[in-house]
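In case you want the letters, here they are:
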Amino acid sequence: MTVRSPFRLKVRQVEQSCVFDLCNPAGQEISATLRFPETLAERHQNWQQIYLRRYELQTRARVGRKSGSGTPTSYDWDQELRIAETTLLNELDYWLGQPELLGIREAIQQAVEEITPKHSNQPGVSAALTILLECSPLSLAQLPWETWKLVPPNVAPGTVRIARTCTTQVAPLAPANSSRRGKIRILAIFAAAPELNHGLDQKILRSLQSVAEIEFVQCQPTPNPARNGSKSPELKQQVAAAIADQRGWDVLFFAGHSNTEANTGGKLELAPQTTLTIAEIEPYLAVAKQRGLQLAMFNSCCGLQIAESLIRLGLPQVVVMREQIQDAVAHKFLEHFCHHILNASDVHTAVLAACQYFARENIAYPSAHLIPSLFCHPDPRTRLFRLEPSWLKRTWFQWRPTRWEAIAISTISLLSLMVPVQELLLEVRYWSQAVYRQTTHQFPPAASPPVTLLEIDQASIDRKGIDAYKVKPMSRAYLAELGDRLRQLQVRVIGFDYLLDGSTNEDATMAATVQAAIRQQTWLVFATRLNDAGQAIGVTSNIAKPDWILQGNIDIVGWDVMLPATPRCDDNCPFAYQLALAQVLRFDPASPQPQLKPSGNLQNHVSQYLEQVEAPNQTLAFLKQPGLPLGLQPMIDFSLPPAQVYRSIAAWDFLERPLSDPTLQSFKEQVVIIGSGGYDQADDNFPLPLAVRYWRSIKNQAGQQNQTARSQVFPGATAHAYSVHHLLAQHRLLGISNLWLIGIAAILGKGMAFVLMNKNHRQQQLMVELGVGGTLAYALIGLQIYISALILLPWLLPSALFWLYILPNLRRSA
């Protein structure tokens, strides 16, 4: 990741004043002079003293330092340090908030406003504005400049990031190392310091072994009494040789004691009485730089001059601690730093994340968040070190939803799962398909409808004079009268869409009708329902025995064509499925037929016969439908005109016509369903689908009287008639899940957002016009695919999500 167009801010102290020079990427410079307050130096010195006393045990700064022994252990240094930190930061904020620096702050804020919206969605590039800070002298550089509040509080944290750089001329960056592939290489040097827990450091570094090759160098001096405790040149040579390894390193890590030293660029303690200055290993570091060294990290104390020395050598970036650091704090910093590096964060983000952790845990680690600093090479081509993610991770980082997009996806997905919304969208879609079918005159080939609805409507009840208490449940004598007349017409498949589970004084009349029909080998299908315990409640044995008839569940889920779990349909078979099955088997001489003295249950005989049919013929093809892929369920297609699906006749009209009437004679080859015609007390009156309302509005169905009352309801028997038609005609309308198309819309919307991001206004306008045209084209294609392939593609919610992805990018670029 490249440090995007960094600002250079030079701060140098001249006597009692500080000169601020801000240079933007275009080369323009803003200067300001501000008096350096003595109170700030005092606050900083006071904070340093208290900080050193709080963290004097187990620090990593033994080189050239004396311990502050003699401190009372019972004193509450944590509280004193928090007070000193607050006082220091308040003084620093007050000083940097002076009017003299207003021009610098405004220039930075203006750059933030310009750069953040433009680049916030570009993958692999930081949307943050980076300021490279140069400070001199050392006392000024020791201030916690990273806490400078350069933007208003309403701007997202991390929008402006301060990194440090060298104050003198630096060597150029080495050419990018493109020869090394695979895992990065890390050289980890651990000084000989028994008082420090290097084992924990090594354990943390090993968490990177999945993406890195790590070589550990344990500094162990060779005992030589002749030197009388003097420095060990062998140990220095070992470290230097490791740094200049011909295979090269990506990361150099040091853990141990270190300290600042002006003349040598800082020094490291490799072992007691064995120190190594940066000046001594400059040639080796230069070799390592040429071989690909990208990051040096010193998890040790007082590393300001170490960092400046390495940046002057041309290293891309260095992480150091500006003050002494306690061993436990060093471990925690390394732990959080490695965690974020492992998650593909750049080095600056990882340092800031570790500091944010210490800021949240200020009670346990007071002022620890003020200590780490990142130094970067001033070349604007400097790439922040990061573990290059895999192709899959890079794709995810690029395509993962933004906060707005996640909200849009969640909202649209939730709407798609809400039953009332599903029903409303399906209603509108059926209506639009009916209008499209009528407009384009795309109807199935003309054929005689396979189903007749014998409807008991309010007029039939009134003409017959049926008492109100015999309407619910329906008079079985009236049902028997209708059944007898159908038997006289030699209708072979009759369905009773009434639950006849209880006993009445009319059962004998109904039973006689049933037995007479069975003698003619008429297939009778009676309605069943499941009770609260999940048990099927069917026709009472006073009317018909299970050995004679088939029974089917009349419950409807949504507007699905109800199918059995298996083709055998051993238990809880759907009502319409049983009627379609009976219609097929009546023409099959090899199949079992209804009879009054069977050798067993008729349903069992039918199931056994279906098992023996190895390859269902065309007439039994609908038996394959329970095995539809991905859990798809056939749907009732209300875009078909009712006149092509079923015929209907009122019960009173049916009884008053002579048997020789041609309309009645046509019943012989059809499935006849006796059911409700929409009277007030019926239990299965549903709201009238918009598509059916549309068909009724453009064509009056023959024989329909009392149209005003019937037009407001949709009886369940009509839904069963649609299902029987679809099963016999192999008319399978499959509805694709909204969630599938929502996922596709999210991908297309994200892709379009990427395209729009880098387009000018005119190009964006053209892309939007193409998007509108594509959305309308998809709607038309969906309408035609519905008719041609019997596939219902959702339109509204996926299209809405597509535009929710696009519109914010248009606003952002306007």
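Located above this text is the structure these notes cover.
Residues numbered from 1 in each chain as written. Predicted model: local features only at pLDDT ≥ 70, side-chain atom pairs only at ≥ 80, totals over all residues. Heavy atoms only, no water.

Student: What should I look at first to understand the pairing of strand E12 (residues 295-299) in this one?
Tutor: Across a regular strand the side chains alternate sides, sitting on one face of the sheet and then on the other. Burial runs high along E12: 5 of the 5 residues are buried. Residues Leu295, Met297 and Asn299 line one face of E12 and the alternating positions Ala296 and Phe298 line the opposite face, and both faces are buried. Two elements, strand E8 (residues 251-255) and E12, share 5 bridges in a ladder whose sense is parallel. Each residue of the ladder has a partner; that of Ala255, found in E12, is Asn299. Strand direction decides the pairing type here: E12 and strand E13 (residues 317-321), joined by 3 bridges, are parallel. Residue Met297 lies in a different strand from E13, and its bridge partner there is Val319. Read from E12 through helix H8 (residues 304-312) to E13, the crossover connection turns out right-handed. (Buried < 20%, exposed > 50% of the residue type's maximum accessible area, 1.4 Å probe, protein only. Helix = DSSP H or I, 4+ residues; strand = E, 2+ residues; numbered from the N terminus. Pairing = 2+ DSSP bridges. Right-handed = clockwise from strand over helix to strand, strands pointing away.)

Student: It is not clear to me how the environment of Lys10 should be interpreted in this structure. Could you clarify?
Tutor: Looking at the element boundaries, Lys10 is found in strand E1 (residues 7-14). What Lys10 contacts, discounting residues up to four positions off in sequence, is Val19, Phe20, Asp21 and Glu134. (Contact = heavy atoms within 4.5 Å.)

Student: Sorry, what's going on with the sheet that holds strand E26 (residues 791-792) here?
Tutor: By way of backbone hydrogen bonds, the strands of a sheet pair with one another, either parallel or antiparallel. The strand order E20-E25-E26 describes an open sheet built from 3 strands, whose pairing is mixed. Here the strands that pair on one side only, and so sit at the sheet edges, are strand E20 (634-635) and E26. As paired elements, strand E25 (residues 733-735) and E26 share 2 bridges and run parallel to each other. Within E26, the residue paired with Gly735 across the bridge is Leu792.

Student: When you look at empty space enclosed by the protein in this model, what are you seeing that I'm missing?
Tutor: A water-sized probe rolled over the atoms picks out the places where empty space is left. The final tally for this structure, using the stated rule, is 6 cavities of 30 Å³ or more. One number sums up the size of the largest cavity: a volume of about 130 Å³. Those elements that provide at least two residues to the lining of the largest cavity are strand E6 (184-190), E8, E12 and helix H9 (327-342). If you tally residues by element for the lining of the largest cavity, the top one is H9, at 4 residues. Broken down by class, the residue content of the lining of the largest cavity amounts to 14 nonpolar, no polar and no charged. (1 Å grid on protein atoms, 1.4 Å probe; cavity = no way out; pocket = protein on both sides within 12 Å on 5 of 7 lines; lining within 4 Å. Points joined across faces, edges and corners; volume = space filled by probe spheres on them. Nonpolar A, V, L, I, M, F, W, Y, C, P; charged D, E, K, R; others polar.)

Student: Would you mind going over the nonpolar core with me for this structure?
Tutor: One broad trend across soluble globular proteins is that nonpolar side chains are buried collectively. Of all hydrophobic cores here, the largest spans 121 residues; its most connected members are Phe20, Trp95, Trp145, Leu310 and Phe337. In this structure, Trp95 is in contact with Cys18, Phe20, Leu34, Arg35, Phe36, Pro37, Leu40, Leu101 and Trp145, ignoring residues within four places of it in sequence. (Core = buried A, V, L, I, M, F, W, Y, C linked by side-chain atoms within 4.5 Å.)

Everything listed here is a matter of geometry and, on its own, says nothing about what the molecule does.
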